[in-house]
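# Close look at the chain arrangement
Residues per chain, in single letters:
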Amino acid sequence: MIGDCPELDLLAYLHGELDAQGQALVDRHLAACPQCVLEIDRLRAEMGLVRKCLNVPVPDGLEIRVIDRLRRRRHRRTPLASDNPAVLARAVALAAASVAMALTGLRLISPQAFGLIGSTLAIWGSQASELVGRQVPAWSSLLKAFSALGLLAGL
Amino acid sequence: MTHQSGDYNWAELVRDHTAGLFRLARQMLGDYQEAEDVVQETFVRAYVALTRRGLTVHTSTRAWLAKIAVNLCYDRLRRKGWQETPIDLATHPGGAMSVGAGAATGWPGWSDEGPEQAVVRCEQAAVVRHQLLALPPNHRTAVVLRYAQDLSYKEIATVMGVPENTVATWLRRAHIALRRRLEQGEDGS
């Protein structure tokens, strides 16, 4: 317990953490309670001592070293999730599974629409393969496979 | 309070928060070099989070950086098995146990004391430092966040992931423990 009046949180009062009502209550109490006034003085002294003990000197040049490190970081490329082959493979597998499920469902509901969509996907896949293949060869193969699947579905 | 990457001037941010973060890490880890490493890592993580991942900060910048630093300190302490953080009080900067230490360390208001006052102050400072290190890690972290970083109870609660009442309790207990040690020191026991 801090102080002789346990219902009052004098530490929170000194920290400015009480609401206006609580602050006013302690103010009124302090006007009539010399023990709590003494307690407040002791707490203030302790707080000052702790602050001074924590106020250790900071190493020279630390700020400059931090800025330098941030500058070096700015010029370094952070690998993104899309650069990670494992993440990429999982994303592609998930997308392929979703498309396959959607097409299967569509085939059951409407075989004609399924064929039409399959043909369209085959054409898109083929065109996308040519465009993307110049930039990322691995994606080109994937899109060709996708196109072939679409062609099969169309047939 | 919400901040995004574009809101930050990094040179200003480093200037405003380096000292506080260093004192926080220094007190938690008890080692100057490790504290410096934590400060640098804190800013790098903040930078990556804001500029590369587009994070939006919903609390005060001071509290957010403190949270990163506290987590980094906890990681290091965990790796060390939460051992007591040893500090050589006689030799580490800011811990000189001699008359006039205030002037040597640059502590505000200490340089113009007489020799007797300075001795008493040094003894009290040593007791406080020992007591801070003897506190349970959570209590110590709350004290450092309050007195070195000037965080509110709400911000400390956010940083430490506990309710505000818990923060208030930890701070009260830390003061009680500190007072007990100071009184023991005065009694010469």
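Residues numbered from 1 in each chain as written. Chains lettered and ligands numbered in written order. Predicted model: local features only at pLDDT ≥ 70, side-chain atom pairs only at ≥ 80, totals over all residues. Heavy atoms only, no water.

## Examining helix H3 (residues 61-79) of chain B
Here H3(B) spans 27 Å end to end across 19 residues, near enough to the 27 Å set by a 1.5 Å rise per residue. Once H3(B) finishes, B:Gly81 follows within two positions and takes phi at roughly 75°, a positive value. (Helix = DSSP H or I, 4+ residues; strand = E, 2+ residues; numbered from the N terminus. Expected span 1.5 Å × (residues − 1).)

## Thoughts on the interface of chain B and chain A
Facing the 47 residues of chain B at the interface are 35 residues of chain A. Taken together, the two surfaces of chain B and chain A that pack against each other cover about 4,200 Å², and 62% of this comes from carbon and sulfur. Summed over the shared surface of chain B and chain A, the number is eight salt bridges. In this structure, B:Arg146 and A:Glu17 form a salt bridge, with 3.6 Å as the shortest nitrogen-oxygen distance. Inspection of the chain B/chain A interface yields 16 residue pairs in polar contact (both at pLDDT 80 or more). (Contact = heavy atoms within 4.5 Å. Buried area = accessible area lost by both parts, 1.4 Å probe. Salt bridge = Lys/Arg side-chain N within 4 Å of Asp/Glu carboxyl O. Polar contact = N/O pair within 3.5 Å; in protein donor to acceptor, adjacent residues only side chain to side chain.)

## As for the confidence of the model for chain A
Put simply, chain A has an average pLDDT of 79, and 77% of its residues get 70 or more. The weakest mean pLDDT in chain A belongs to helix H7 (residues 137-154) of chain A at 69; the strongest belongs to helix H1 (residues 10-14) of chain A at 93. (pLDDT = per-residue confidence, 0-100.)

## Let's talk about the packing of helix H2 (residues 20-32) of chain A against helix H3 (residues 34-54) of chain A
Residues and elements named next belong to chain A. Put simply, H2 and H3 touch, their axes get as near as 6 Å, and they point 115° apart. One element, H2, and the other, H3, form an angle in the roughly perpendicular class. Between H2, through His29, Leu30 and Ala32, and H3, the contact on the second element is made entirely by Pro34, Cys36, Val37 and Ile40. Residue composition of the contact of H2 with H3, grouped by class: six nonpolar, one polar and no charged. (Axes fitted to C-alpha atoms, helices over the stretch in contact; angles between N-to-C directions. Parallel < 35°, antiparallel > 145°, perpendicular 65-115°, else oblique. Nonpolar A, V, L, I, M, F, W, Y, C, P; charged D, E, K, R; others polar.)

## Thoughts on the pattern of salt bridges
Going through the model one piece at a time under the given rule, you end up with 13 salt bridges over all chains. Here B:Glu36 and A:Arg65 are joined by a salt bridge, their closest N and O atoms 2.5 Å apart. Linking B:Glu36 in helix H2 (residues 32-52) with A:Arg65 in helix H4 (residues 62-74), this pair reaches from one chain into another. Of the residues examined, B:Glu36 reaches a relative accessible area of 9% and is grouped as buried. Judged by relative accessible area, which is 32%, A:Arg65 ranks as partly exposed. Of the charged contacts, one joins B:Asp75 and B:Arg78 as a salt bridge, the two residues approaching to 3.1 Å between their closest N and O atoms. (Buried < 20%, exposed > 50% of the residue type's maximum accessible area, 1.4 Å probe, protein only.)

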